[in-house]
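Spelled out from the first residue to the last, the chains are:
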Amino acid sequence: MKAKDIAEYFLSLVDEEKGDFLTNLKIQKLLYYAEGFSLAISKTSLFEEKIMAWNYGPVVVEVYNEYKQYNSNPVLQSSDFDNEKYDSATKDLLNEVYDVYGRFSPSALVDMTHSEAPWINAKKSPKTNFEISRKAMQSYFSTQLIEGK
């Protein structure tokens, strides 16, 4: 899958009638958490695109570019969303990430990611061009699973 597919799934979970919405900034953080926990739980990536350590936290550039016209406004769900292309394990993971992290504001998610080793270490090391490595994410999020039990 592409990171945009994962973003579209998160957008499908938004309950607009309750006033819920996702901004590009919040989508970026949800992608980061989904990828981190996928790596920790199943040792596999959800998507192949790189995750970069930008000033406001982790960003998938391709998805950022897709939604940047929204600025800080709510991103609209795609009219051709296909729920059938996601397997049950992926849906379970994404639902859990959304349930846990979707309740936080974008600025709270920025603060959270700024306190986590994958983003901190990528920002410190110019050798990485600020890419957050999957290995660093897997290592960090594996410790979060253990601490969360």
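Remember, it's a predicted structure, so these values are computed and weren't measured experimentally.

S.K.: Account for the side chain of R134, naming residues and giving values.
M.R.: Within the secondary structure layout, R134 lies in helix α7 (residues 134-148). From its side chain, R134 meets the backbone oxygen of F47 in a polar contact 2.9 Å long. Setting aside its immediate chain neighbours within four residues, R134 contacts E35, L39, S45, F47, E48, E49, K50 and I51.

S.K.: Report on the nonpolar core, specifying residues and quantitative values.
M.R.: With 39 residues, the main nonpolar core has F10, I27 and V97 as its most contacted residues. Listing elements by their share of this core, those giving two or more residues are α1 (3-12), α2 (24-42), β1 (51-54), α3 (61-67), α4 (88-101), α6 (117-124) and α7. For this core, the element with the highest residue contribution is α2, accounting for nine residues.

S.K.: Tell me what's going on with the layout of surface pockets, and back it up with residues and numbers.
M.R.: In this structure, the largest pocket spans a volume of roughly 250 Å³. Around the largest pocket, the lining is made up of 15 residues, and of these F37, E96, V100, Y101 and L145 lie nearest the centre. Those elements that place two or more of their residues in the lining of the largest pocket are α2, α4 and α7. Taken together, the residues of the lining of the largest pocket break down into eleven nonpolar, two polar and two charged.

S.K.: Run through the pattern of salt bridges, naming residues and quoting values.
M.R.: Under the definition given, this model contains five salt bridges. Here D5 makes a salt bridge to K85, at a shortest N to O gap of 2.9 Å. Placement of the pair is D5 in helix α1 and K85 in the loop between α3 and α4, with a sequence separation of 80 residues. Here D5 falls in the buried class, since its relative accessible area comes to 14%.

S.K.: I'd like to hear about the sheet that holds strand β2 (residues 57-59), residue by residue, with values.
M.R.: Strand order across the open sheet formed by three strands is β2-β1-β3, with antiparallel pairing between neighbours. Both outer strands of the open sheet, β2 and β3 (131-132), are each paired with one neighbouring strand and no more. Bridge analysis of β1 against β3 gives two bridges, and the strand direction is antiparallel. Across the sheet, the residue bridging to M52 is E131, located in β3. Contacts between α6 and the sheet are confined to β1, β2 and β3, with β1 contributing the most and set at about 70° to the helix.

S.K.: So what's going on with the packing of α1 against α2? Residues and values would help.
M.R.: Relative to each other, α1 and α2 sit at 110°, their axes nearing to 10 Å. With respect to each other, α1 and α2 are oriented roughly perpendicular. Considering the relative orientation of α1 and α2, their crossing is right-handed. Contacts from A3, I6, A7, F10 and L11 of α1 reach α2 at I27, L30, L31 and A34.

Criteria and cut-off values
Chains are numbered independently. Their residues run from 1 in the order of the written sequence. It should be noted that, the model being predicted, local features are given only for residues of pLDDT at least 70 and side-chain atom pairs only at 80 or more, the latter also being counted only at that level, while totals for whole chains, interfaces and linings use all residues. To get the side-chain values, all heavy atoms of the structure are used, and hydrogens and water are removed first. Put simply, DSSP H or I for four residues or longer makes a helix, DSSP E for two residues or longer makes a strand, and each gets a number counted from the N terminus. Think of a polar contact as two N or O atoms within 3.5 Å of one another; within protein, one of them needs to be a possible hydrogen donor and the other a possible acceptor, and neighboring residues in sequence only count if both atoms come from side chains. Residue contacts follow a heavy-atom distance rule, with two residues in contact if any of their heavy atoms lie within 4.5 Å. Put simply, buried Ala, Val, Leu, Ile, Met, Phe, Trp, Tyr and Cys residues joined by side-chain atoms within 4.5 Å make one nonpolar core. Any residue under 20% of the maximum accessible area for its type is buried, any over 50% is exposed, and the rest in between are partly exposed; the area is computed with a 1.4 Å probe on protein chains only. A 1.4 Å probe that fits but cannot get out identifies a cavity on a 1 Å grid over protein atoms alone, an open set with protein on both sides within 12 Å along at least five of seven lines counts as a pocket, and a residue lines either if it has an atom within 4 Å of a point. Grid points are joined across faces, edges and corners, and a volume is the space filled by probe spheres set on the points. In the scheme used here, Gly and all other residues not listed as nonpolar or charged are polar, with Ala, Val, Leu, Ile, Met, Phe, Trp, Tyr, Cys and Pro taken as nonpolar and Asp, Glu, Lys and Arg as charged. Any carboxyl oxygen of Asp or Glu within 4 Å of a side-chain nitrogen of Lys or Arg constitutes a salt bridge here. A pair of strands is considered paired only if DSSP assigns at least 2 bridges between the two. To obtain an axis, a line is fitted to C-alpha atoms, over the contacting stretch when the element is a helix, and the angle between two such axes runs from 0 to 180 degrees between their N-to-C directions. Relative orientations are named as follows: roughly parallel for angles under 35 degrees, roughly antiparallel for angles over 145 degrees, roughly perpendicular for angles from 65 to 115 degrees, and oblique for any other angle. Left-handed describes a crossing whose near helix is turned anticlockwise from the far helix by less than a right angle; the clockwise case is right-handed.

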